[in-house]
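Geometric and topological summary
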Amino acid sequence: VLAEILLRVFIAIAPTGVPFLSAARLDLRIVLFTVVVSLLCAALFGIMPAMEKPRAAALGARQAKPAAQARLRRLLVAAQIGLSVVLLSGASLLVRSFWNLERQDLGMQTRNVLTVHIPLDRERYPTGYQEIYLRAESAFRQLPGVTAVGMSDSLPPDGNSWHDGCRYADLEVVGRPPAPAGVGGSVVWRSVTPDYFRVLQIPIFEGRGFTEEERGTKEGLVILSTALAARMFPEVNPIGQHIEHAIFNPYRMPGPVYTVVGVAGNVKNGGLAGQDDPEIYELRNNLHPETRDQHHFFLLESSLPASVVGPWIAQRVAQLDPIAPVEIDTVSQQVSKLADRPRFETALLGFFAFCGLLMAVIGLYGVISFVATQRTQEIGVRMALGATQVDILRLIAGEGVRLIVLGGVLGLGGALAVAQLLKSLLFNVGPYDPATYGAVAVLLGVVALAATLLPARAAMKVDPVVALRYE
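Residues numbered from 1 in each chain as written. Predicted model: local features only at pLDDT ≥ 70, side-chain atom pairs only at ≥ 80, totals over all residues. Heavy atoms only, no water.

Looking at the overall build of the protein chain
Cut-off, in case you're wondering: Put simply, DSSP marks the helices as runs of H or I at least four residues long and the strands as runs of E at least two long, and each gets a number from the N terminus on. A simple rule labels every residue: compare its accessible area, found with a 1.4 Å probe on the protein chains alone, to the largest value its type can have, and call it buried under 20%, exposed over 50%, or partly exposed in between. By the convention used here, residues are in contact when the closest approach between their heavy atoms is within 4.5 Å. Each accessible area is a Shrake-Rupley result for a 1.4 Å probe, and residues are judged covered by the shown protein chains and nothing else.
Looking only at helices and strands, one finds 14 helices and 11 strands in the protein chain. The burial tally for the protein chain puts 40% of its 471 residues in the buried class. Of all intrachain contacts in the protein chain linking residues separated by at least 6 positions in sequence, the fraction that spans at least 24 positions is 79%. Put simply, the protein chain shows about 25,500 Å² of open surface, and 63% of that area lies on carbon and sulfur atoms.

What about the side chain of T115?
The test is simple: In the analysis that follows, any N or O atom pair within 3.5 Å is treated as a polar contact, provided that within protein one partner can donate a hydrogen and the other can accept it, and provided that, for residues neighboring in sequence, both atoms belong to side chains.
Among the structural elements, T115 can be located in strand 1 (residues 113-117). Relative accessible area serves as the criterion here: at 3%, T115 is assigned to the buried category. Only 3.0 Å separates the side chain of T115 from the side chain of Q334, close enough to count as a polar contact. Setting aside residues no more than four positions away along its own chain, T115 makes contact with L155, F298, E327, I328, D329, T330, V331 and Q334.

Structural notes on the pairing of strand 8 (residues 257-264)
Defined as follows: We call two strands paired when DSSP finds no fewer than two bridges between them.
Where burial is concerned, most of strand 8 is hidden: 7 out of the 8 residues are buried. The pairing of strand 5 (residues 204-207) with strand 8 spans 3 bridges and is antiparallel. Across the sheet, residue I204 finds its bridge partner in strand 8, namely A264. When strand 6 (residues 221-225) meets strand 8, the two strands line up parallel, connected through 5 bridges. The partner of L221 across the bridge, within strand 8, is T259. Here strand 7 (residues 242-245) runs beside strand 8; their pairing, made up of 3 bridges, is antiparallel. Paired with I243 across the two strands is Y258, which belongs to strand 8.

Looking at the packing of aromatic side chains
Put simply, the rule reads: Ring geometry is summarised as follows: Phe, Tyr and Trp rings, the Trp one being its six-membered ring, pair when their centres sit within 6.5 Å, and such pairs are stacked at plane angles under 30 degrees, edge-to-face over 60 and tilted between the two.
Counting across every chain of the model gives 10 aromatic pairs. With a centroid separation of 5.6 Å and 75° between ring planes, the pair formed by F10 and F351 is classed as edge-to-face. Here F351 lies in helix 10 (residues 340-374) and F10 lies in helix 1 (residues 2-13), a separation of 341 residues in the sequence. Arranged with centres 5.0 Å apart and planes meeting at 70°, the rings of F197 and Y281 form a pair that is edge-to-face. One end of the pair, F197, is in helix 6 (residues 195-200); the other, Y281, is in strand 9 (residues 279-283), with 84 residues separating them in the sequence.

Some words on the packing of helix 5 (residues 130-141) against helix 8 (residues 306-320)
We count it as follows: A fitted line through C-alpha atoms serves as each axis, taken over the contacting stretch for helices, and the angle formed by two N-to-C directions is quoted from 0 to 180°. In this scheme the handedness of a crossing depends on how the near helix is turned from the far one: anticlockwise by less than a right angle means left-handed, clockwise means right-handed. Under the scheme applied, nonpolar residues are Ala, Val, Leu, Ile, Met, Phe, Trp, Tyr, Cys and Pro; charged residues are Asp, Glu, Lys and Arg; polar residues are all the others, including Gly.
The interhelical angle for the contact between helix 5 and helix 8, taken along N-to-C directions, is 145°, at an axis separation of 10 Å. By crossing handedness, the relation of helix 5 to helix 8 is classed as right-handed. Taking contact as the criterion, the partners of I132, R135, A136, A139 and F140 in helix 5 are, on helix 8, I313, R316, V317 and L320. Considered class by class, the residues forming the contact of helix 5 with helix 8 number 7 nonpolar, no polar and 2 charged.

Things to note about the pattern of salt bridges
Between side chains of opposite charge, pairing is possible as soon as their charged atoms come close. Condition: In what follows, salt bridge is the name for a side-chain nitrogen of Lys or Arg lying within 4 Å of a carboxyl oxygen of Asp or Glu.
Throughout the structure, instances matching the rule amount to 21 salt bridges. Here D170 and R167 are joined by a salt bridge, their closest N and O atoms 3.3 Å apart. Taken together, the shared-partner salt bridges in this structure form one network comprising E137, R141, D195, E212 and R215.

A word on the nonpolar core
Here is the rule we go by: Working definition of a nonpolar core: buried Ala, Val, Leu, Ile, Met, Phe, Trp, Tyr and Cys residues. They are joined through side-chain atoms within 4.5 Å.
With 29 residues, the main nonpolar core has V77, I81, L364, I379, I392, I396 and A459 as its most contacted residues. Contributing elements (two or more residues each) for this core: helix 4 (67-102), helix 10, helix 11 (376-384), helix 12 (389-419) and helix 13 (434-460). Among the elements that take part in this core, helix 10 stands out by supplying 9 residues, more than any other. Excluding residues that lie within four positions of it along the chain, I392 makes contacts with I379, R382, M383, A387, A459 and M460. If you look at the next biggest cluster of nonpolar residues, it comprises 28 residues, including V192, A264, F297 and L299.

Describing unusual backbone geometry
Of note, the amide linkage connecting P156 to P157 takes the cis form, showing an omega dihedral of 5°. The topology assignment puts P157 in the loop between strand 2 (146-152) and strand 3 (171-173). Even without a glycine there, the phi angle at Q201 is positive, about 55°. Secondary-structure assignment places Q201 in the loop between helix 6 and strand 5. For N428, which is not a glycine, the phi torsion comes out positive at approximately 55°. Mapping N428 onto the fold places it in the loop between helix 12 and helix 13. Given the relative accessible area of 60%, N428 is considered exposed.

This is how it looks when you write it as structure tokens:
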């Protein structure tokens, strides 16, 4: 029943895109397999002590103390602790990674920014979407609480533009020899309006931003990201330089030439954990009514919450085109969606790590309680000879401390080996991060020590007279 409940919970909290997860179910064969394995384990560990050949000393005494069984019991508990260390270490690394992922600097403002996507039907707009987009922009500017409206053909931190596949080698500085083909990697190319930088609060470090007046001209203007400017113009001022977007094919063809007017701050553009590419922003002008670019986004800076502004946006779009679909979201929600997968992976491994720690603590508590019970008569003798409660605590707790240290050392070795498998899932944290393993050691030590001290504390309160009469 618990497995079925947990499965439904995992499916409910899982992000979209996990293959076949929605079709997962508690298969009867898996249930039978688990039951059979559990029965075999119970039978095996129940039969093993009975199969052991009794010693002569044990046959003549009321109480036997088989050392082999005690060693096996301690070894199993140490193995439980070691496995819990492996799980806790993996979960802790993912938690640190997820913490870094969510709190990294994106280079832009994400709060109070709404995104509007209007995917239009090509058949209803055969000459392009430019006119209705400009009318929508004007309508959005008149909404209460909206302080700025920008447009772009794609949105960071996850999304490229229609120039998908633009390469660094495709960008040539006029007056310089071209870079060799295939050198420099990819460059993100976005077509934006002037308020794009204002809405997302992307700083302009050199030069200036675009102006609304320039949208009415055919002049090619671009703003470079800091990373791209440093690469293309390492020793000269990039402002005023001219860049040609060349097209690579079997024959070299000239492309449009753009003038650099500014340098903007770097922005996350390859996903939360992806590699950031250098970026170039092209001014999107109003003189191309034939544009058939369907991937078009509006960005609205609003002092009012999305729940208030959203219905007004939908109403304005319906006035422009009654059957046009509209998708309204916020940048912060889009960023949060990108973290859904690592959040789910962290929660899943964290749950199993908690289960492993719980089983290890239960096993440790059981062994120490059993050892304390076995040594009840010995405790009575020691107390009758003058042993204090602190001495008894040291005697019983020492057993647990030895198991904790042994299991911790074994688990640390296993955790370091397994950490390499998690390397591809980590973000801004190394697989051998000392702070993470230190936190795991402290957590395990505190919890395991508590499980040890409970039976040890009970042993401290044993009445010597009752203990001497034990069995």
